[in-house]
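Chain by chain, the residues run as shown.
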Amino acid sequence: MGRKKKTVELDRANDIAPGLVAKTKKRLVVARGSSHPALAAEVTEHLGTELVPTEYRTFASGEILTRFEVSIRGCDFFLIQSFGPPVNEWLMETLIMLDAAKRASAKRITVVAPYYPYSRQDKKGRGREPISARLVADLLKTAGADRVMSVDLHAAQIQGFFDGPVDHLFAKPVLLEYFQATLTAADRELLTVVSPDTGRVRVADTWSDSLGAPLAIIHKRRDPNVANQVTVNEIVGDVSGRVCLLVDDMIDTGGTIVKAAEALKASGAVRVIVAATHAIFSDPATERLQSEAIDEVVVTDTIPIPEEKRFPKLTILPIAPLLARAIHEVFEDGSVTSMFDGAA
């Protein structure tokens, strides 16, 4: 005998249509891609749940197949995938997993991409160039994503590329807590926050306010025809005798950060500390970051950092607690903005 369903009668006076009421409850489900299993496991541990059992296959031809081994019908589905190297393989796997989730009738699908792929290609620098960050947003949407969550987008306007909600999280609270705990009183007296280029001034300014430290800016030029090469021109602000905290969103090959650190030391800085969210660490970043001009490098684990790319000056902070809290807020229809004092 079937379970008796509650019915709602037609009520024209109050504009209520007739129908049935199901006793369904919201269900949070978390799955992961193959790029950063450790991060996904930490996030689910903080949430008090576990990952969806998933089958991952790569055929001899290189084609990818994923299959969820249990039902995800009607759930609030969160897919955690970080986009470190090889970025194109992880992007394709994400699209396939989104398609699988959509066809498995997940009610709402959120892509949790701590590092957004192709984020530096957010505009046309020259004629006949693509805007690949927009293309990625279109691919995610077409594959089935209803929402995207990311940390420290390279350019805030990327939020407008996706036709749906984008939760832009900031790693600053995680990094700031570390520096507030480790910088000595003497360091704080001499501290200067440094923006490595004019594009990061707004972010560096918020750091300056939070730490009560003056701000300096490095003016640099890039050759648009040569990738990953920077020429430092001049430093705006006094850094002589100061402890300099260089803040950036990512470190790729390390060229920008090392040249900036060398310029600061040449201008009389006594210490240079680097703080960045995304440790891409493309070769030869590991070798460059061990330069004598840099005293410490502090990053988060939005991207997996293999043992061979770690070095004594490197400190890695966990991003999982921040992601878990944001996922919980989205699932409970809470406020992600409240996590960042209204800035998100």
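Scroll up to find the structure.
These notes cover the structure that comes with them. Note that the coordinates shown come from a computational prediction; the quantities given were computed from them, not determined experimentally. (Residues numbered from 1 in each chain as written. Predicted model: local features only at pLDDT ≥ 70, side-chain atom pairs only at ≥ 80, totals over all residues. Heavy atoms only, no water.)

## A word on the pairing of strand β13 (residues 243–251)
- Most of β13 is tucked away, with nine of its nine residues classed as buried.
- Bridge analysis of β13 against strand β14 (residues 271–279) gives eight bridges, and the strand direction is parallel. Its bridge partner lying in β14, I251 is registered against A279.
- In terms of handedness, the path from β13 via helix α7 (residues 255–266) over to β14 forms a crossover that is right-handed. (Buried < 20%, exposed > 50% of the residue type's maximum accessible area, 1.4 Å probe, protein only. Helix = DSSP H or I, 4+ residues; strand = E, 2+ residues; numbered from the N terminus. Pairing = 2+ DSSP bridges. Right-handed = clockwise from strand over helix to strand, strands pointing away.)

## Description of the packing of helix α2 (residues 87–103) against helix α3 (residues 132–143)
- Where α2 contacts α3, the axes come no closer than 8 Å and their chain directions differ by 25°. The angle between α2 and α3 places the two elements in the roughly parallel class. On α3, the residues touching L91, T94, L95, L98, D99 and K102 of α2 are V136, L139, L140, T142 and A143.
- Of the residues belonging to the contact of α2 with α3, the class tally is seven nonpolar, two polar and two charged. (Axes fitted to C-alpha atoms, helices over the stretch in contact; angles between N-to-C directions. Parallel < 35°, antiparallel > 145°, perpendicular 65-115°, else oblique. Contact = heavy atoms within 4.5 Å. Nonpolar A, V, L, I, M, F, W, Y, C, P; charged D, E, K, R; others polar.)

## A word on the pairing of strand β15 (residues 296–300)
- Counting buried positions along β15 gives five out of five residues, so the element sits mostly inside the fold.
- Along β15, one buried face is formed by E296, V298 and T300 and the opposite face, lined by V297 and V299, is buried too.
- Here β15 pairs with strand β16 (residues 314–317) via four bridges, running parallel. Bridge pairing in β16 links V299 to I316.

## Focus: the nonpolar core
- If you look at the biggest cluster of nonpolar residues, it comprises 43 residues, and the most contacted ones within it are L169, F179, W207 and L245.
- When residues of this core are assigned to their parent elements, the largest contribution, eight residues, is made by helix α9 (residues 320–331).
- Every residue in contact with L245, bar those within four places of it in the chain, is listed here: F179, L191, T192, V193, V194, W207, L211, I273 and A275.
- V52, C75, Y115 and A137 belong to the second largest nonpolar core, which has 36 residues in total. (Core = buried A, V, L, I, M, F, W, Y, C linked by side-chain atoms within 4.5 Å.)

## As for α9
- For α9, spanning twelve residues, the distance from its first C-alpha to its last is 16 Å, which sits close to the expected 16 Å at 1.5 Å a residue.
- Counting buried residues along α9, nine of its twelve residues qualify, which places the element largely inside the surrounding structure.
- Turning to α9, its buried residues are A320, L322, L323, A324, A326, I327, E329, V330 and F331.
- With its phi angle positive at about 55°, D333 sits one or two positions after the end of α9. (Expected span 1.5 Å × (residues − 1).)

## Re α3
- The end-to-end C-alpha distance of α3, which contains twelve residues, comes to 16 Å, matching closely the 16 Å that a straight helix rising 1.5 Å per residue would cover.
- For α3, the elements touching its buried residues are α2 and β8 (147–151).
- Residue G144 follows α3 closely and has a positive phi angle near 135°.

## So, the packing of aromatic side chains
- Scanning the entire structure with this criterion turns up five aromatic pairs.
- Here the aromatic rings of Y178 and F179 are separated by 5.3 Å at their centres, their planes lie at 75°, and the arrangement is edge-to-face. Judged on exposure class, the residue Y178 and its partner F179 are both buried.
- Centre to centre, the rings of F281 and F311 are 6.3 Å apart; their planes meet at 40°, and the pair counts as tilted. You can see F281 sitting in the loop between β14 and α8 (285–288) and its partner F311 sitting in the loop between β15 and β16, a full 30 residues away along the chain.
- F281 gets classed as buried once you look at its relative accessible area, which sits at 1%.
- Note on F311: relative accessible area 7%, which makes it buried. (Phe/Tyr/Trp six-rings, centres within 6.5 Å; stacked < 30°, edge-to-face > 60°.)

## As for the pattern of salt bridges
- Applying the stated criterion to the full structure yields 14 salt bridges.
- We note a salt bridge from D333 to K26, for which the minimum N-O separation is 3.5 Å. Taken as a pair, D333 in the segment after α9 and K26 in the loop between β2 (19–21) and β3 (28–32) lie far apart in primary sequence, 307 residues in all.
- The class of K26 is partly exposed, set by a relative accessible area of 48%. (Salt bridge = Lys/Arg side-chain N within 4 Å of Asp/Glu carboxyl O.)

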